[in-house]
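# Analysis of the macromolecular model
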Amino acid sequence: MSTGPVPTPEPGAPAPAEAVAPLMRGIDVLRRLTDADGSLSLSELARATGLARSTVDRICATLAHMGCLRLDGRDATLAPPLMAVGNAYLGALRLPALLGPRADRLADELDESVSLAVADGDGIRFIHQATRRRAMSLSFRIGDLLPAERTAPGPLFAQAWDGAAWERWRARRAADPLDRGFPALPPRREAEREPFEERAARAGSAGWALDDQLIEPGLVALSVPVRDAEGEVVCVASVVSHTSRHTADSLHDEMLGRLRTAVAEMEEALRSTPTPDTTATATATATATATAEPPSAGPDAAERAAAGPDAAWADRAPARPDAAGPAAAGPDAAWAAAAGRTAAGPDAAGPAAARPAAKAGPDAAWTATADGAPAGPDAAGPDTAKPAAAGPDAAWAATASPAAARPDAAWAATADRVPGGAGVPAAPSPAAPAAPALDAAWAAEAKQRLGRDFVESLARGLSVLTAFGPGRAELTLTDIAAATGLARATARRALITLEHLGYVTSRGRGFRLTPRVLALGFPPLSRLTLADIATPHIRALSKRLRDSVSLAVLDGDAIRYTARVATRHVMSVRISLGTRFPAFATSMGRVLLADLAPASRAAYLARADLTPLTPGTVTGADRLGALLDDVRAQGYALVDGELEEGLRSVAVPVRDRAGRAVAAVNVATHSSRRDLAGCVDEVLPALHETAAGIEADLHVAGRFARIPTA
């Protein structure tokens with residue numbers, strides 16, 4: 001299996017005439033947010049991109065409507081559903097799924113961090129991290145980009161560079177001598193101790209490479225290439241340590257043999273695992289997308305497994321009737337027929353006066369010449385190509401003629417799914433709203449509701465990226481149009497734009513994603529914890545119910561609070577993060593105990609100290625066991641005055657991709673505020689809805705990244 005060389009767009013190269021300017025602007029916003037660790041104010045985004053504030057507002061409104069970011073006052077923060085874009089690349093690549101478990105085992109065996117990286121232009125990008133938790137711990141994330149010359153994998157990847165690649169590397173070094181274009185790294189402090197060309201030559205002869213504190217003082221790494229059946233390097237495996245544990249020489253002497261053994265196992269896995277027939281898979285996907293019934297809601301991912309592109313924000317879209325494909329008439333056609341030019345501005349369909357541009361950034365050189373597309377089947381009006389205007393970053397923003405916004409994208413059954421399905425919990429929670437299809441009807445509804453605040457060509461471009469996935473590593477234009485429901489002309493323009501920006505590469509009639517796709521939000525989002533994911537959801541529920549909402553995990557025989565939003569009342573529940581309570585007397589504890597395997601539950605009941613905490617506490621092991629059976633069957637727990645008199649709470653489980661209850665979320669209130677019937681009739685449905693939202697984010701985020709739950 002070969003990933004092939006990753007082309008690097010020429011800096012400052014003019015955008016093709018058919019490039020979709022709003023898609024380019026939206027991707028620039030996502031890149032700036034990623035480089036800022038996931039969050040910026042809208043004003044900071046406008047300054048960073050050089051775009052008009054009104055344009056930034058529209059882009060962020062679109063991404064928020066898709067669930068890809070959250071708007072909190074004046075701040076924009078990336079949200080887990082955006083990881084569906086990176087998941088599409090990682091799923092298509094296959095390497096994390098095939099080799100990641102072996103990297104994890106090696107990390108456990110060596111008690112050192114292990115990473116997998118692929119080449120990305122003249123840099124390396126991580127696709128898997130197995131990190132040891134220590135006071136001095138590796139902080140790199142999946143998707144982080146590092147310059148090849150400051151890493152151990154870089155010299156190994158440089159073996160495939162031709163003369164042009166070396167010239168691009170030298171030009172980048174000259175333009176950015178301190179490596180400020182690599183936000184995952186501290187700036188370069190000193191000149192190279194050994195020319196990179198010599199390191200690359202030596203690594204090619206030795207078959208391994210070392211990083212002796214090139215990234216920062218104290219960090220050492222040893223790397224070995226992983227080759228496919230044809231002998232091409234598809235990724236590099238690295239063992240990473242600290243000088244408090246190893247010198248570079250001792251890391252080599254002690255770890256090289258074991259690393260090579262693990263790499264040999266990885267290479268055998270690549271040879272013995274057949275490459276999926278991407279053509280057949282793409283055809284099946286297109287057929288399934290066109291005929292799929294609306295997916296059933298609930299935690300059972302296996303029952304929702306109609307094949308389709310990987311877009312987890314489908315779980316958040318407004319409900320709608322099913323559609324068999326792009327609408328030929330109805331809201332789509334009516335919208336297209338009625339569409340006129342929008343008011344002049346950076347996103348207008350007609351030309352506007354050019355304005356001064358902000359200083360160009362390293363990824364924005366192409367924006368100087370982007371000027372929209374000529375009229376065509378997807379144009380909203382008779383735009384014509386105009387000569388490119390020189391200028392940095394957002395110079396095109398005032399003059400761009402964006403792709404016509406026609407809500408014809410039937411990216412229908414696109415929820416983030418696991419191939420083969422997930423485990424089925426014995427007692428699933430009541431269903432959340434069904435995940436609708438983000439097709440023409442969805443886009444028309446979004447456009448009608450948001451008007452100019454919905455940048456449809458950005459949504460269509462992201463749907464093209466998520467058309468790829470497991471078994472869909474290489475797709476033709478026809479495949480992509482069928483999978484997304486886009487018109488061929490619309491899909492073609494999106495592909496032209498994405499290829500120009502370096503997110504897609506083509507070979508013959510086929511298209512593939514590049515590692516650069518991971519730069520769209522994946523690094524900061526891959527380090528989220530379950531508490532991080534849950535907090536926006538429980539905050540919204542607390543505001544809605546005006547009661548305290550908490551998230552807790554099972555910690556031995558107790559529960560431990562990991563996220564909480566409290567409300568202010570004269571009589572309120574005051575609990576701090578990290579607080580532990582006996583699991584048997586709490587609603588969240590009972591939800592989590594009920595999900596234990598029978599043997600584990602029996603062991604708990606045999607050893608647990610069931611000392612009553614109030615006169616109403618259930619204490620007998622037999623009686624508690626029967627209560628846990630009821631909780632498992634009904635999918636929730638209601639506890640009234642058993643932990644503390646006057647305290648009433650109801651809880652539901654939060655399940656991972658395998659269907660296991662990894663946490664619980666509850667609403668706690670004083671008994672004077674709600675009676676038992678109110679807890680069931682008013683609180684429980686909202687609580688289930690909140691848990692479903694947390695689960696949807698958790699399932700997307702946890703597909704290729706480890707999400708800490710504690």
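The coordinates are above.
An account of the accompanying structure is given in this report. Predicted, not measured: the structure shown is a model, and the values here were computed from it. Each chain has its residues counted from 1, following the order in which its sequence is written. In view of the model being predicted, local features appear only for residues whose pLDDT reaches at least 70, and side-chain atom pairs are presented and counted only at 80 or more, with totals across whole chains, interfaces and linings using the full set of residues. Calculation of side-chain values draws on the structure's entire complement of heavy atoms; hydrogens and water are dropped beforehand.

## Some thoughts on the sheet that holds strand E12 (residues 510-513)
For clarity, the threshold we go by: For two strands to pair, DSSP has to find at least two bridges joining them. Helix and strand assignments follow DSSP, with helices taken as H or I runs no shorter than four residues and strands as E runs no shorter than two, numbered in order from the N terminus.
Here three strands make up an open sheet; going across it, the order is E10-E12-E11 and the pairing antiparallel. For this open sheet the edge positions go to strand E10 (475-476) and strand E11 (504-507), each flanked by a neighbour on one side alone. Judged from the two bridges that link them, E10 and E12 form a sheet pairing that is antiparallel. Note on E12: the bridge partner recorded for Leu475 is Phe511.

## Re the nonpolar core
As a reminder of what qualifies: By nonpolar core we mean a set of buried residues, namely Ala, Val, Leu, Ile, Met, Phe, Trp, Tyr and Cys, connected to one another through side-chain atoms within 4.5 Å. Burial status follows relative accessibility: with a 1.4 Å probe on protein chains alone, a residue under 20% of its type maximum counts as buried, one over 50% as exposed, and anything between as partly exposed. Here, two residues are considered to be in contact whenever any of their heavy atoms come within 4.5 Å of each other.
If you look at the biggest cluster of nonpolar residues, it comprises 124 residues, and the most contacted ones within it are Leu99 and Leu465. When residues in this core are grouped by element, the largest group, 10 residues, is from helix H9 (residues 248-272). If near-sequence neighbours (up to four positions away) are discounted, Leu465 is found in contact with Val85, Ala88, Leu498, Tyr503, Val504, Leu513, Val517 and Leu520. Grouped together as the second largest cluster of nonpolar side chains are 24 residues, Ile575, Tyr604, Leu624 and Ala637 included.

## Quick notes on the packing of aromatic side chains
Two numbers describe a pair of aromatic rings. These are the distance of the centres and the angle of the planes. Put simply, the rule reads: Any Phe, Tyr or Trp ring, taking Trp's six-membered ring, that has another such ring centre within 6.5 Å forms a pair; planes under 30 degrees apart are called stacked, those over 60 apart edge-to-face, and the others tilted.
Within this structure, the stated rule accounts for seven aromatic pairs. Taking the centre distance of 5.5 Å and the plane angle of 85° together, the rings of Trp166 and Trp169 count as edge-to-face. Of the two residues, Trp166 and Trp169 both sit in helix H7 (residues 163-175), three residues apart, roughly one turn of that helix. By relative accessible area, Trp166 is classed as buried at 14%. The exposure class of Trp169 is buried, given its relative accessible area of 4%. Linked through ring pairs, Trp161, Trp166, Trp169 and Phe196 together constitute an aromatic cluster.

## A few points about the pairing of strand E13 (residues 548-555)
Counting buried residues along E13, six of its eight residues qualify, which places the element largely inside the surrounding structure. Bridge count for E13 against strand E14 (residues 558-565) is seven bridges, and the pairing is antiparallel. In the sheet register, Asp555 faces E14, and the bridge partner there is Ala558. Hairpin connection of E13 to E14: two residues between the antiparallel strands, including Gly556 at a positive phi of 70°.

## Re the packing of helix H14 (residues 477-484) against helix H15 (residues 488-501)
This is how it is decided: Under this scheme, a helix contributes an axis fitted over its contacting stretch, all axes are lines through C-alpha atoms, and angles between N-to-C directions fall in the 0 to 180 degree range. Roughly parallel here means an angle under 35 degrees, roughly antiparallel means over 145, roughly perpendicular means 65 to 115, and every remaining angle is called oblique. Should the near helix be turned anticlockwise from the far one by less than a right angle, the crossing is termed left-handed; should it be turned clockwise, right-handed. Residues are grouped as follows: nonpolar covers Ala, Val, Leu, Ile, Met, Phe, Trp, Tyr, Cys and Pro; charged covers Asp, Glu, Lys and Arg; every other residue, Gly included, is treated as polar.
Running from amino to carboxyl end, H14 crosses H15 at an angle of 110°, the nearest separation of the two axes being 9 Å. Here H14 is positioned roughly perpendicular relative to H15, judged by the angle of their axes. The crossing of H14 and H15 is right-handed. Residue-level inspection shows Leu477, Thr478, Ile480 and Ala481 of H14 in contact with H15, the latter providing Arg488, Ala491, Arg492 and Leu495. Considering only residue class, the contact of H14 with H15 consists of five nonpolar, one polar and two charged.

## With respect to unusual backbone geometry
One non-glycine residue, Arg94, adopts positive backbone phi at about 75°. Its place among the elements puts Arg94 in the loop between helix H4 (83-93) and helix H5 (95-110). A relative accessible area of 11% places Arg94 in the buried class. In this model, Gln213 sits at a positive phi of 60°, which is unusual for a non-glycine residue. Residue placement: Gln213 occurs in the loop between strand E7 (209-212) and strand E8 (219-227). Take Gln213: its relative accessible area is 31%, and that puts it in the partly exposed class.

## So, the pairing of strand E2 (residues 69-72)
When E2 meets strand E3 (residues 75-78), the two strands line up antiparallel, connected through four bridges. If you follow Asp72 over to E3, its bridge partner there is Asp75. In this structure, the hairpin formed by E2 and E3 is closed by a connection of two residues, where Gly73 is found at a positive phi of approximately 65°.

## A look at the environment of Glu216
Structurally, the position occupied by Glu216 is in the loop between E7 and E8. Owing to a relative accessible area of 37%, Glu216 belongs among the partly exposed residues under this scheme. Sequence separation of Glu216 and Pro186 is 30 residues, and the distance between their C-alpha atoms is 7.3 Å.

## Quick look at the packing of helix H1 (residues 21-35) against helix H13 (residues 456-465)
Remark: H1 packs on H13, axes separated minimally by 8 Å, with the N-to-C direction vectors making an angle of 70°. Taken together, H1 and H13 sit at an angle that is classed as roughly perpendicular. For the pair H1 and H13, contact is made by Pro22, Leu23, Gly26, Ile27 and Leu30 and by Ser457, Leu458, Gly461 and Leu462, respectively. For the contact of H1 with H13, the class distribution of residues is six nonpolar, three polar and no charged.

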